[in-house]
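# Overview (structure and organization)
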Amino acid sequence: MNLPMPGHSSPSASFEAPLEMLQACHQRIHKQCAKLRRLVPHLAAHGADDAAREAAAQVLRYFDTAAQHHHADEEQDLFPALLESMAGSDAVCLRELIDGLIAQHRELNARWRTLRPVLDRIAAGDDAVLHGAAVEALAEAYAAHIQREEGELLPMATRLLGDAELQRIGSAMRGRHGMAATR
């Protein structure tokens, strides 16, 4: 579900609208999790054929790079900006939310690390068993995490962060993702 972020009318996500960019990344995570889910029965029926190798390679590329950048975008830029914008008791609630999201990032990374070696083997054309339970655990953990970010964190960020702070976050994200600044 791609909800427009109030105050950001850009039709497509870009680093100029970092909250929309984070939300667009959530959609890509859902797509990669769906690809992983489809890979389980495909492997059982066809083994590590060309389609399985390509799917495994795509999932590996995504979770090894974009998903890691996404977590860093939040932890290094968005979370600190939000904490700076808060004062008093509100900051306690925000700190609890952020601490919970960081813990979820650690859990997601641990789940990814258990799947990664199997996907490496599949991408190399070796027969390997991709356990559906491990795939479901990762996909469900990401779904819950994304729901919390989109239901709580991003609306709060939209309300609290000003244009200058969003521009700084977008610039930091652009650099982390290896993109040149736009002029």
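Everything here concerns the structure above.
Starting afresh in each chain, residues are numbered from 1 along the sequence in its written order. Under the rules for a predicted model, residues below a pLDDT of 70 receive no local features and side-chain atom pairs below 80 are neither given nor counted, while totals for whole chains, interfaces and linings still include all residues. By convention in this description, side-chain values take in all heavy atoms of the structure and omit both hydrogens and water.

## Digging into the pattern of salt bridges
For salt bridges, the criterion is a side-chain nitrogen of Lys or Arg within 4 Å of an Asp or Glu carboxyl oxygen. Using the criterion set out here, one finds 14 salt bridges in the structure. The residue aspartate 77 makes a salt bridge to arginine 176 at a minimum N-O spacing of 2.6 Å. Taken together, the residues aspartate 77 in helix α2 (residues 50–85) and arginine 176 in helix α5 (residues 163–176) connect sequence positions 99 residues apart. For aspartate 77, a relative accessible area of 5% corresponds to the buried category. A cluster of three or more residues bridged by salt bridges with shared partners is formed by Asp73, Asp77, Glu165, Arg168 and Arg176. Only DSSP runs of H or I covering at least 4 residues are called helices, and only runs of E covering at least 2 are called strands; the numbering of each starts at the N terminus. Three labels apply to residues, based on accessible area from a 1.4 Å probe with only protein chains included: buried if under 20% of the type maximum, exposed if over 50%, partly exposed otherwise in between.

## What about α5?
How far a helix is expected to stretch is found by multiplying one less than its residue total by 1.5 Å. For α5, built from 14 residues, the straight-helix expectation of 20 Å at 1.5 Å per residue is met to within 8% by its first-to-last C-alpha distance of 20 Å. Restricting attention to buried positions, one finds in α5 the residues Leu166, Ile169, Gly170, Met173, Arg174 and Arg176. In an axial view of α5, the angular spread of the buried residues amounts to 160 degrees, which keeps them on one side of the axis. For α5, the exposed residues set more than 90 degrees away from the buried face come down to Ala164, Gln167 and Gly175. Two residues qualify as a contact provided that any one of their heavy atoms is within 4.5 Å of a heavy atom in the partner residue. Looking at the buried positions of α5, the neighbouring elements they touch are α1 (18–46) and α2. Looking at the residues trailing α5, positive phi occurs at glycine 178, about 75 degrees. It is the directions from the helix axis to the C-beta atoms that the arc portrays.

## Let's talk about the packing of aromatic side chains
The rule is short: rings of Phe, Tyr and Trp, with Trp giving its six-membered ring, pair when the centres are within 6.5 Å, and they are stacked under 30 degrees, edge-to-face over 60, tilted in between. A complete count under the given rule lists three aromatic pairs for this structure. A centroid spacing of 5.6 Å and a plane angle of 90 degrees characterise the contact between tyrosine 62 and phenylalanine 63, whose relative ring orientation is edge-to-face. The exposure class of tyrosine 62 is buried, given its relative accessible area of 10%. Taking the relative accessible area as the measure of exposure, phenylalanine 63 reaches 1% and is therefore buried. An aromatic cluster of at least three residues, connected via ring pairs, comprises Tyr62, Phe63, Trp112 and Tyr142.

Function cannot be inferred from these measures alone, as they are strictly geometric.
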